[in-house]
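Structural features, examined
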Amino acid sequence: MYEDEVSYALKVAEELGVTYAEARYHGRRGLTLTTRNGELLGVGRDLSVGIGIRVLVEGALGFSSTNRLDRASIREAVEDAYRLAKVHAKLMREKIEFGEAKLGRASYRVLERRAFDSMDLSDKVLLLRELWKRVQDSVRESRVVVVTSTLTEYVEEKTVASTDGALVASRVPRLSFNYSFVIATPEKGTIQRRFLYGASGGLELLDEWRPIEAAAEEAARLEGVLLEGRSPPSGEIDVVIGSEIVGLVVHESCGHPSEADRILGREAAQAGMSFIKPGMLGQRIGTELVTVIDDPTIPGSNGFYLYDDEGVPARPRYLYREGLINEHLHNRWTARVFGVESNGAARSMNYRSEPIIRMANTYFKPGDYGFEELLEDVKLGVYLKSYMEWNIDDERWSQRYVGLEAYTIVRGELGEPVRNPVLELTTKGFYGRVDAVGKDLHFYAGTCGKGEPGQGVPVWFGGADLRLRRVKLGVVA
Amino acid sequence: MIRVREAAERIVSKALEKGFEEAASRVVRYRSVMVKLANSEPSVIQRWDEVIVGAYLAKERRALVVEARPSRLEEVDRVVEELAGFVSSVKESPLYAPLPEPVEVKPLSTTCDDRILEAMKDPSELAQLVVNAAHEEGAERIAGMISLKYWERAVATSTGASLYEDQAMMETYVRAFIDEGSGQWALGSRTLDKDSIEDVARSAARYAREARKPKPVEAGVYDLILSPMVVGNLMNLVAFMSSALRVMMGFSIFSQRAVGENVASSIFTLLDDARNPQLPGSTAFDDEGMPTSSKPIIEEGVLRNLLHNSKTAHKMKARTTGNAGWIMPHSWTLRVEAGDCSLDEMISEVKRGLLVTNNWYTRLQNYVEGIFSTITRDALLVIEDGEVKGAATRLRIADKLPSLLASVDVVGKELYDIKWWEVRVPTRAPYLLIRGVHTSKHLD
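Counting restarts for each chain: residues are numbered from 1 in the order of the written sequence. Whichever chain is written first becomes A and whichever ligand is written first becomes 1, with later ones labelled in order. Only residues with pLDDT of 70 or above have their local features reported here, since the model is predicted, and side-chain atom pairs are shown and tallied only from 80 upward, although totals for entire chains, interfaces and linings are computed over all residues.

1. Regarding the overall build of chain A
Across its full length, chain A holds 10 helices and 25 strands. The C-alpha radius of gyration computed for chain A amounts to 24 Å, which stays within 12% of the reference 23 Å derived for 477 residues, consistent with globular compactness. Dimensions along the principal axes, computed over C-alpha positions, put chain A at roughly 70 × 55 × 35 Å. Relative to its 477 residues, chain A shows a buried fraction of 60%. In this description, a residue-residue contact is defined by the distance between C-beta atoms placed from the backbone, which must lie within 7 Å. Expressed as a percentage of contacts within chain A between residues at least 6 apart in sequence, the contacts between residues at least 24 apart total 75%. Elements are defined by DSSP. Helices are runs of H or I of four residues or more, strands are runs of E of two residues or more, and each kind is numbered from the N terminus. Each radius of gyration is computed over the set of C-alpha atoms, and the globule rule expresses the reference value as 2.2 Å times the number of residues to the power 0.38. Residues with at least 20 other C-beta atoms within 10 Å of their own are called buried, those with 12 or fewer are called exposed, and the rest are partly exposed. The C-beta atoms themselves are positioned from the backbone.

Take a look at the structure:
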């Protein structure tokens, strides 16, 4: 795939005398269907193809991209990256260097079991129409105000090559399905849900997800929260956190602060910094039950890749291990600064994006508790199953999650629904309270944002349900 | 070299040849340079040169859209041909309305600042300027970015519109660090003025100095002065919600409100100031070839306009406001009307409150009810008895957006042109004093 163009870009860079160059052909072809209340608002076809080039010149890093793939345009792009890096080299206080790394020469493809074009467009539209009908039919007393949904299918193709020998071609198809709905009653107001499915693969994923049935069942449960939900108990209680929230927590307060570029301050004015500072490996962050892994190599995952965008082989990274800060996410620059080898975390959104350190599939390692076992010795507590609102400060220390579907736990049994309970803890406060972890691992899809210009990349985050002791929940004002 | 107007016309013509009854096309040629700064040095210098193509295609009231960054225009032709094959598989769009007939579009009286175009060749002097200005003001280190852009944009439609404009803009933001404190400021502008760029760096450093020894404060209900950075972030959210399609899709506090209803304090006015040539983001025409307009979204507290394209306008029995997006109408550039109070006067009006200089990560529990929180970032200053009495560690603003809008009590007289990571739509905004806002804080 465009190997000649990529090779030509490297040849031009070498002629210019760069320390390092990498060129990446990056293409994406996709189709999106969007509906409101079962009616198709539009069909969108997106197409993005081009080359991104990165060069190191006298310790300064330049990036350039073009979607005109003739030789003159590629040469111009490389020359601009070189020239801009060179004129900024005088401003470098500490020159950028890339560490040695094992580099891939490989090609891999993810194969769909059911290709995107194996289902007629009209049948896809019918599927989305069915969502509206089923959600509408699922409520007893309330009104479903609106249901929206989007089905997106796309194929991402890349060829990454560098002047020090990487050459990796890949093809990954991805499917995502998101829905949202609003349920209302005149007396109780509204409750709103958004949810996203996403994975690499083909239309076979729809059979696995059963999104229509799942959305309808969820709407029925959320109507219960709307009609009967009460404030959470006051005072210190035990809280069982559902895997959906656990996944978000590890993404926000383990994955992001473990990004070594963030630790070094490279994102300080944008996505922020990290409470983790150089030299903190080995420090305790949680109980011994806390192990968080980021693994790009999980087959079928949303964040799947086998080689990163610097050509470095991917592998699982144990970011927190048995409660200790264990490993950071690295590219070849941060690996050099920290004196380690890159663990293959450089990703880019598209051809016009520089590769930066990203998560792939981040999850809390499961334990051995069944769900009932998590509940059984809780005298009074709350089970937070899902969320809508969340945020975390830019050092990834103070975090907040507002429960959407939630229930009281009374003497080991789930009780009445709870409306808008707020879990607001520090990172250490969260991980330091974990005293039991479930055995069933679930993953959730997301698009993670970082970089300037902002880059959104597909990720999974997940874990099992887990239990926190001695938590005081808030409630939405 | 691609000529964007000819390319747009060609795509419309090809679409009609393939059997579509209506077509519109937007072609943008875009060149940009960005210096990203961290630890007071460039972390990367990025440059883009690309052509972005969009097309709206309709047949028998079916609507299809293409968004492409193709390597050749012929690739778009193939996509159009492919989409022609989809028409029989999809149903009529509930939002269908014919493309509007062209009307006269007056160009904006804006010109591209040559200094922006010149600086794109070598922005290192500007990078040095930012670093030096912040350090002279006492910053220990800074992060941030400087971006310079030039683009040509053409829109053609099957109803006969064929429009062209070119624009330039610069954007910079700086985050400065001193001890435990940090401060951030931003600027988005049509012109490149070195003094203004230095002011951004100095403002960030001054706030960092004020925040260098923060102390914890209790969460509770406070009077908040929101800086233009924070106002910009929240007004981006209000503008997002004022898109008529988001109203229809349940992603808006205006979903249960009607135009003409009171939705904010009577001293508050927010405009989509699309024809203000001073503001980056302003434009003469939308993606349907309709002239844009500067109009209030909220005027003296009253919801005056949702943002429409011809489709949403038809559905809601309104008129297009020149905010297409073929599917989703959107704002172009925002302005909050100035008040008559200086920042010092505003501070003197506060008995117990906080000055929030920056925020990030605004998320909603419920868009219809506007239940949200956002976390403060950088300098958070404590105000007691009308004076700044030190800095605080982070809190969250955790409230309802309609309550905030209704509780605007004082509007600043100085306006600032803000654009940064958390203010994507350029916003000209003042400081605002908002009474009785709920805040929250984490447990340890």
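2. A short note on the overall build of chain B
Assigned secondary structure in chain B consists of 10 helices and 22 strands. Taken over the C-alpha trace, chain B has a radius of gyration of 23 Å; the compact-globule value for 444 residues is 22 Å, and the two agree within 12%. With the C-alpha coordinates aligned to their principal axes, the bounding extent of chain B is approximately 70 × 50 × 40 Å. Counting every position in chain B, which comprises 444 residues, the buried fraction comes to 62%. Partitioning the intrachain contacts of chain B with sequence separation of at least 6 by distance along the chain shows that 73% fall at a separation of at least 24.

3. A word on the interface of chain A and chain B
Across the contact, 72 residues belong to chain A and 75 residues belong to chain B. Of all the elements, strand 2 (residues 39–57) of chain A adds the most residues to the side of chain A that touches chain B, at 12 residues. Grouping the amino acids of the side of chain A that touches chain B by side-chain chemistry returns 30 nonpolar, 24 polar and 18 charged. In this analysis, strands are considered paired if DSSP registers two or more bridges between them. Two elements, strand 2 of chain A and strand 3 (residues 62–69) of chain B, share 6 bridges in a ladder whose sense is parallel. Bridge pairing in strand 3 of chain B places arginine 45 of chain A opposite valine 66 of chain B. Under the scheme applied, nonpolar residues are Ala, Val, Leu, Ile, Met, Phe, Trp, Tyr, Cys and Pro; charged residues are Asp, Glu, Lys and Arg; polar residues are all the others, including Gly.

4. Looking at the domain arrangement of chain A
Residues and elements named next belong to chain A. Domain segmentation is taken from an automatic or database assignment of domains. Examined at the domain level, chain A breaks down into domain 1 (3–228) and domain 2 (236–475). Taking the mean C-alpha position of each, domain 1 and domain 2 sit 21 Å from one another. Facing the 46 residues of domain 1 at the interface are 33 residues of domain 2. Residue assignment for the side of domain 1 that touches domain 2 shows that the elements contributing at least two residues are strand 1 (20–36), strand 2, strand 3 (60–66), strand 4 (105–109), strand 5 (143–162), strand 6 (167–185), strand 7 (189–200) and helix 5 (211–228).

5. Here's the deal with the nonpolar core
Ranked by internal contacts, the top residues of the largest apolar core, which has 300 residues, are Ala55 and Ala134 of chain B. Ranked by the residues each element gives to this core, the list is headed by strand 2 of chain A, at 10 residues. Setting aside residues no more than four positions away along its own chain, alanine 55 of chain B makes contact with Ile11, Ala15, Ala23, Ala24, Ser25, Val66, Val76 and Val80 of chain B. When buried Ala, Val, Leu, Ile, Met, Phe, Trp, Tyr and Cys residues are joined through C-beta atoms within 7 Å, the set is termed a nonpolar core.

6. Regarding the pairing of strand 16 (residues 387–392) of chain A
Residue and element names in this part refer to chain A. The element strand 16 is largely enclosed, with a buried count of 5 among its 6 residues. As paired elements, strand 16 and strand 17 (residues 398–403) share 4 bridges and run antiparallel to each other. Residue pairing across strands places tyrosine 387 opposite glycine 403, the latter belonging to strand 17. Between the end of strand 16 and the start of strand 17, which pair antiparallel, lie 5 residues, with arginine 396 showing a positive phi angle near 70°.

7. Digging into helix 1 (residues 4–17) of chain B
Residues and elements named next belong to chain B. Look at helix 1: 20 Å from first C-alpha to last across 14 residues, which is about the 20 Å you get at 1.5 Å a residue. When we look at burial in helix 1, the residues that qualify are Val4, Ala7, Ala8, Ile11, Val12 and Ala15. The arc that holds every buried residue of helix 1, seen down its axis, measures 135°, which confines them to one face. Check the buried side of helix 1 and you find it contacts strand 1 (22–38), strand 2 (41–59), helix 2 (73–84), strand 4 (141–157) and strand 5 (162–178). Just past helix 1, the residue glycine 19 takes up positive phi, approximately 105°. Each residue after the first adds 1.5 Å to the expected span of a helix. The directions considered for the arc are those from the helix axis to the C-beta atoms.

8. What about the sheet that holds strand 21 (residues 434–437) of chain A?
All names here are of chain A. The sheet built from 6 strands is open, its strands ordered 19-18-15-8-24-21 with mixed pairing. Two strands in the sheet have a free side with no partner beyond their single neighbour: strand 19 (413–417) and strand 21. Taken pair by pair, the neighbouring strands of this sheet meet at an average axis angle of 30°, ignoring direction. Here strand 21 pairs with strand 24 (residues 466–472) via 3 bridges, running antiparallel. Paired with valine 437 across the strands is leucine 466, a residue of strand 24. Fitted lines through C-alpha atoms serve as axes, helices being fitted only where they are in contact, and the angles separating the N-to-C directions of these axes extend from 0 to 180 degrees.

9. Some points on unusual backbone geometry
Look at the link from glutamate 452 of chain A to proline 453 of chain A: it is a cis peptide, with omega at 0°. Along the chain, proline 453 of chain A turns up in the loop between strand 22 (442–450) and strand 23 (455–463). With an omega dihedral of 20°, the bond running from alanine 324 of chain B to glycine 325 of chain B counts as a cis peptide bond. Even without being glycine, asparagine 37 of chain A reaches a positive phi, approximately 45°. Mapped onto the elements, asparagine 37 of chain A comes out in the loop between strand 1 and strand 2. Overall, the presence of 22 C-beta atoms within 10 Å leaves asparagine 37 of chain A in the buried class. Non-glycine residue asparagine 39 of chain B carries a positive phi angle of around 50°. Its place among the elements puts asparagine 39 of chain B in the loop between strand 1 and strand 2.

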